[in-house]
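Read off the chains here:
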Amino acid sequence: MSEKRNLINGILPPLGMAMYSWTRAECTLYVGIIFSVGSCICIGVAVAVGPLTKRFEERKLLIMGNAVFMMSFLACIPIPGTSDYPPTPESPSPSIWSSNGTNYTNASYVTDCEDDGACGCTYDWCESTNLVYLPQLLASLVFAFLGYAVVNVLIIPIYSKLLGPKPQGLFMGILSAVASFGMLIGPIHSGYFFNAFGPTWTFLTISAMLFVTLITIILAYDRLKPYIQNTQALPLEKYEPMK
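Note that the structure is predicted; figures quoted are calculated from it, not measured.

(A) Representation of the packing of aromatic side chains. Summed over the entire model, instances satisfying the criterion amount to 12 aromatic pairs. Residues Phe-35 and Phe-145 carry aromatic rings whose centres are separated by 5.7 Å and whose planes lie at 85° to one another, so their mutual orientation is edge-to-face. Note that Phe-35 is positioned in helix α2 (residues 24–55) and Phe-145 in helix α5 (residues 134–163), a separation of 110 residues in sequence. Look at Phe-35 and you get buried, because its relative accessible area is 18%. Assessed through its relative accessible area of 6%, Phe-145 is described here as buried. With centroids separated by 5.3 Å and ring planes inclined at 75°, the aromatic side chains of Trp-125 and Phe-194 adopt a geometry described as edge-to-face. Within this pair, whereas Trp-125 is found in the loop between α4 (113–116) and α5, its partner Phe-194 is found in helix α6 (residues 168–197), the two being separated by 69 residues in sequence. Judged by its relative accessible area of 5%, Trp-125 is buried. Under the relative-accessibility criterion, Phe-194 is labelled buried at 1%. Three or more aromatic residues joined by ring pairs make a cluster, and in this case those are Phe-69, Phe-73, Tyr-148 and Phe-203.

(B) Local environment of the pattern of salt bridges. Summed over all chains, the structure comprises 2 salt bridges. Note that Glu-57 and Arg-59 form a salt bridge whose closest N and O atoms lie 2.1 Å from each other. Note on Arg-59: relative accessible area 9%, which makes it buried. Two residues, Glu-58 and Lys-161, come together in a salt bridge whose shortest N-O distance is 3.1 Å. Taken together, the residues Glu-58 in helix α3 (residues 58–75) and Lys-161 in helix α5 connect sequence positions 103 residues apart.

(C) How the structure looks around the packing of α5 against α6. The geometry of α5 relative to α6 is characterised by a closest axis approach of 10 Å and an angle of 140° between their N-to-C directions. Taken together, the axes of α5 and α6 lie oblique to each other. In terms of crossing hand, the pair formed by α5 and α6 is right-handed. Where α5 approaches α6, its residues Ile-156, Tyr-159, Ser-160 and Leu-163 are matched on the opposing element by Gln-168, Phe-171, Met-172 and Leu-175.

(D) Just the state of the cysteines, in detail. One pass over the structure, following the stated rule, counts 1 disulfide. The residue that forms a disulfide with Cys-121 is Cys-126, at a sulfur-sulfur distance of 1.9 Å. Residues Cys-121 and Cys-126 are joined through a disulfide that is left-handed, its torsion about the S-S bond being -80°. Residue Cys-126 is classed as buried on the basis of its relative accessible area of 3%. Free cysteine: Cys-40, not disulfide-bonded; nearest cysteine sulfur from Cys-42 at 9.2 Å. Residue Cys-40 is classed as exposed on the basis of its relative accessible area, which comes to 55%.

(E) Inspection of unusual backbone geometry at higher detail. Backbone geometry places Ser-21, a non-glycine residue, at a positive phi of 55°. In this structure, Ser-21 sits in the loop between α1 (2–20) and α2.

(F) Focus on the packing of α2 against α5. At their nearest, the axes of α2 and α5 sit 8 Å apart, and the two run at 45° to each other. In this view, α2 runs oblique relative to α5, as classed from their interaxial angle. Along this stretch, α2 crosses α5, giving a crossing that reads as right-handed. Where α2 approaches α5, its residues Ile-34, Phe-35, Gly-38, Ile-41, Cys-42, Val-45, Ala-46, Val-49 and Thr-53 are matched on the opposing element by Leu-138, Leu-141, Val-142, Phe-145, Leu-146, Tyr-148, Ala-149, Val-150, Val-153 and Leu-154. Here the residues of the contact of α2 with α5 are counted per class, giving 17 nonpolar, 2 polar and no charged.

(G) Quick look at α2. Its 32 residues place the ends of α2 46 Å apart at the C-alpha level, agreeing with the 46 Å of an ideal helix rising 1.5 Å per residue. Buried within α2 we find Cys-27, Val-31, Ile-34, Phe-35, Gly-38, Ile-41, Cys-42, Val-45 and Val-49.

Thresholds applied
- Residues numbered from 1 in each chain as written.
- Predicted model: local features only at pLDDT ≥ 70, side-chain atom pairs only at ≥ 80, totals over all residues.
- Heavy atoms only, no water.
- Phe/Tyr/Trp six-rings, centres within 6.5 Å; stacked < 30°, edge-to-face > 60°.
- Helix = DSSP H or I, 4+ residues; strand = E, 2+ residues; numbered from the N terminus.
- Buried < 20%, exposed > 50% of the residue type's maximum accessible area, 1.4 Å probe, protein only.
- Salt bridge = Lys/Arg side-chain N within 4 Å of Asp/Glu carboxyl O.
- Axes fitted to C-alpha atoms, helices over the stretch in contact; angles between N-to-C directions.
- Parallel < 35°, antiparallel > 145°, perpendicular 65-115°, else oblique.
- Left-handed = near helix turned anticlockwise from the far one by under 90°.
- Contact = heavy atoms within 4.5 Å.
- Disulfide = S-S within 2.5 Å.
- Nonpolar A, V, L, I, M, F, W, Y, C, P; charged D, E, K, R; others polar.
- Expected span 1.5 Å × (residues − 1).

Given below as structure tokens:
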């Protein structure tokens, strides 16, 4: 799941600078605050998962966590039909908190972008993509941290129990290698799609990948049992006495 967290790391700074005209200093500060709060959320979820597993099966919690994580990206898609668009050097800055119609009488313009990076939206999709309001972004991030924390806490113990007596070090290494490959591909994917198509298609493709993951977990639900439970389910004649 680290590769999915890297998607947030990679897309949040350019999203904030494009949608809210954050300067480089503001982007560093705000993103740092967001991830500090997100870390606190992850710590709280990690503490709460233990008691939750006594009431709910780990596999069900894994499905719920992945579903919440997927919905967080869907919730961050720009709302179509609103009249607000990202600010550009040629257009005024709309309200980032909620839709205020098309009244830009007192709106400010993006200025001095070469000095501090507050250029607003300079991509080709800026004039055709609606604004992602700041409360919308913050709410989706809360759910993203919640879903990520649940899945991140549960995926290792479920995988370890599934392996049973198989070489834990070998298969854990394979899992880490796959996760590292995802950490390489994730930022490249999100960066390319954000630059070329904007946040709508970026979040849609990420949600689609998480949906495939969710369906895979559901289809493999019966196989995600600990190794001991699987062997107990086999007929007795499958076992041969030790010689």
